[in-house]
Amino acid sequence: MKLLVINGVNLALTGRREKTIYGARTLGEINADLAVFCAEQGHEVEFFQSDLEGALCEKLGEAEGKYDGIVLNAGAFTHYSYALRDAIAAISVPVVEVHMSNVQAREEFRRRSVLTEVCRGEILGFGENSYRLALESFWL
Ligand code: DQA
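Quick caveat, the model's predicted, so the values are computed rather than measured. (Residues numbered from 1 in each chain as written. Predicted model: local features only at pLDDT ≥ 70, side-chain atom pairs only at ≥ 80, totals over all residues. Heavy atoms only, no water.)

1. Quick look at the environment of Thr78
Inference 1: Within the secondary structure, Thr78 sits in the loop between strand S3 (69-73) and helix H4 (82-89).
Inference 2: With 20 residues separating them in the primary sequence, Thr78 and Val98 have C-alpha atoms 9.7 Å apart.
Inference 3: In contact with Thr78, other than residues within four places in its own chain, are Glu97, His99, Arg112, Ser113, Val114 and Leu115.
Inference 4: A distance of 2.6 Å separates a polar side-chain atom of Thr78 from the backbone oxygen of Gly75. (Helix = DSSP H or I, 4+ residues; strand = E, 2+ residues; numbered from the N terminus. Contact = heavy atoms within 4.5 Å. Polar contact = N/O pair within 3.5 Å; in protein donor to acceptor, adjacent residues only side chain to side chain.)

2. Comments concerning the site of the ligand
Inference 1: As a structural note, the neighbourhood of the ligand is formed by Arg17, Tyr22, Asn73, Gly75, Ala76, His79, His99, Met100, Ser101, Val103 and Arg110.
Inference 2: Backbone polar atom of Met100 to an oxygen atom of the ligand: 2.8 Å apart, as the coordinates give it.
Inference 3: Protein chains shield 98% of the accessible area of the ligand, which is 320 Å² for the free molecule.
Inference 4: Across the shell around the ligand, the residue classes tally to four nonpolar, five polar and two charged. (Near = heavy atom within 4 Å. Areas by Shrake-Rupley, 256 points an atom, 1.4 Å probe, with all protein chains shown as cover. Nonpolar A, V, L, I, M, F, W, Y, C, P; charged D, E, K, R; others polar.)

Next up, the structure:
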């Protein structure tokens with residue numbers, strides 16, 4: 001399988017921001033481990049990160065026909081971006097929504113995702129392992 005992991009706004013700061021919530025490992029370190037994990041399982045994976053809503057929408061739009069599945073942590077865009085929601089709905093590639101933290105156990109505004117309805121599923125609360133579990137969902 002060819003898979004794509006997309007990280008949205010502020011996720012490039014992982015390992016430096018709010019370490020008690022998101023951990024001390026950088027996004028680069030997390031992605032490097034995910035690349036090894038996928039290779040071991042015989043799958044290809046690519047990574048993309050942007051703080052820009054439009055860039056994330058463009059990447060989703062270009063994904064049609066190129067990937068078998070997408071893992072998406074949209075960061076705070078999760079809670080209000082109808083543009084991202086429409087971009088996910090516009091493609092037939094299945095998208096699994098991911099959050100490192102348990103957003104249901106945090107502030108009220110994080111409890112609502114405008115993306116879940118158009119995603120294949122959602123994994124949250126397992127730290128960086130949320131990405132691994134989401135990737136695994138494509139081949140299990
Ligand atoms: C997050 C949760 C979001 O509410 C937050 O805005 C993030 C990260 C997570 O991975 O837990 O930036 O998506």
